[in-house]
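Fold and geometry: a report
The primary structure of each chain is shown beneath.
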Amino acid sequence: MRPILLVFVLVCLAGCASEQVVSPEQIALQNKVDSIVAQELFARKLDEHASYNVHTDGFVAIKFDEEVTFQTYYDLVEWMRAKPEIKGVRASQMGREVCPVRR
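Presented here is a report on the structure given in the accompanying data block. (Residues numbered from 1 in each chain as written. Predicted model: local features only at pLDDT ≥ 70, side-chain atom pairs only at ≥ 80, totals over all residues. Heavy atoms only, no water.)

Observations regarding the overall build of the protein chain
Spelled out, the test is: Runs of H or I in DSSP of at least four residues are treated as helices and runs of E of at least two as strands, each being numbered from the N terminus. For every residue, the accessible area (1.4 Å probe, protein chains only) is compared with the maximum for its type, and the residue is labelled buried under 20%, exposed over 50%, or partly exposed between those bounds. Contact criterion: two residues are considered in contact whenever any of their non-hydrogen atoms come within 4.5 Å of each other. Here the Shrake-Rupley method, with its probe set to 1.4 Å, supplies the accessible areas, and only the displayed protein chains count as covering residues.
Looking only at helices and strands, one finds three helices and four strands in the protein chain. Taken from N to C terminus, the helices and strands of the protein chain fall in the order α-α-β-β-α-β-β. For the protein chain, buried positions account for 26% of its 103 residues. The long-range fraction of contacts in the protein chain, counting pairs at least 24 apart against all pairs at least 6 apart in sequence, stands at 52%. Surface summary for the protein chain: the accessible area is close to 7,200 Å², and the carbon and sulfur share equals 59%.

Written out as structure tokens, the structure is:
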């Protein structure tokens with residue numbers, strides 16, 4: 001009975017691992033979006049006032065520090081949402097969502 005249980009566990013683990021594979025296309029998109037966001041943050045002098053994460057589907061989660069004004073982060077979020085490579089943006093500041101998710 002134990003060998004059957006071991007086989008079952010191994011099959012389950014193999015199934016979980018295969019779902020976490022990132023395709024070359026996803027990596028390329030993630031890198032492209034990361035570059036776009038990094039360059040724009042630098043150009044707007046926000047690179048030290050925001051942190052972000054780019055998901056493999058091109059979605060960006062960005063967090064602004066409290067020094068960034070509403071108009072500044074709103075303008076940046078709208079700019080990012082206009083980029084076809086960026087599939088969506090979630091922005092937050094001081095623990096609250098400042099720009100609702102839109103895809």
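Some details on helix H3 (residues 70–81)
To keep things clear, this is the line we draw: Multiplying one less than the number of residues by 1.5 Å gives the expected span of a helix. Throughout, the arc means that of the directions going from the helix axis to the C-beta atoms.
Its twelve residues give H3 an end-to-end C-alpha distance of 16 Å, which sits within 8% of 16 Å, the value for a rise of 1.5 Å per residue. Residues of H3 that are buried: Tyr 73, Leu 76, Val 77, Met 80 and Arg 81. Down the axis of H3, the sector holding all buried residues measures 135°, keeping them to one side.

Focus: the pattern of salt bridges
For clarity, the cut-off: Note on definitions: salt bridges are taken to be side-chain nitrogens of Lys or Arg within 4 Å of carboxyl oxygens of Asp or Glu.
The full count for this structure, using the stated rule, is three salt bridges. Lys 32 is the partner of Glu 85 in a salt bridge, and the nearest nitrogen-oxygen pair spans 3.9 Å. Here Glu 85, found in the loop between H3 and strand S3 (88–93), pairs with Lys 32, found in helix H2 (residues 24–43); they are 53 residues apart in sequence, far enough to count as distant. Close ionic contact of Glu 78 with Arg 81 constitutes a salt bridge, the shortest N to O distance being 3.5 Å. Highlighted residues: Glu 78 and Arg 81, both in helix H3, separated by three residues, approximately one helical turn. For Glu 78, a relative accessible area of 25% corresponds to the partly exposed category.

Observations regarding the pairing of strand S1 (residues 50–54)
Two faces make up the sheet, and in a regular strand the side chains alternate between them. Threshold: By definition, two strands form a pair when at least two bridges between them are found by DSSP.
Two strands pair when backbone bridges link them, and S1 and strand S2 (residues 59–64) are joined in this way by five bridges, in the antiparallel orientation. When the sheet's bridge partners are listed, Ser 51 is paired in S2 with Lys 63. Here S1 folds back onto S2 in antiparallel fashion, the turn holding four residues, of which Gly 58 has a positive phi close to 90°.

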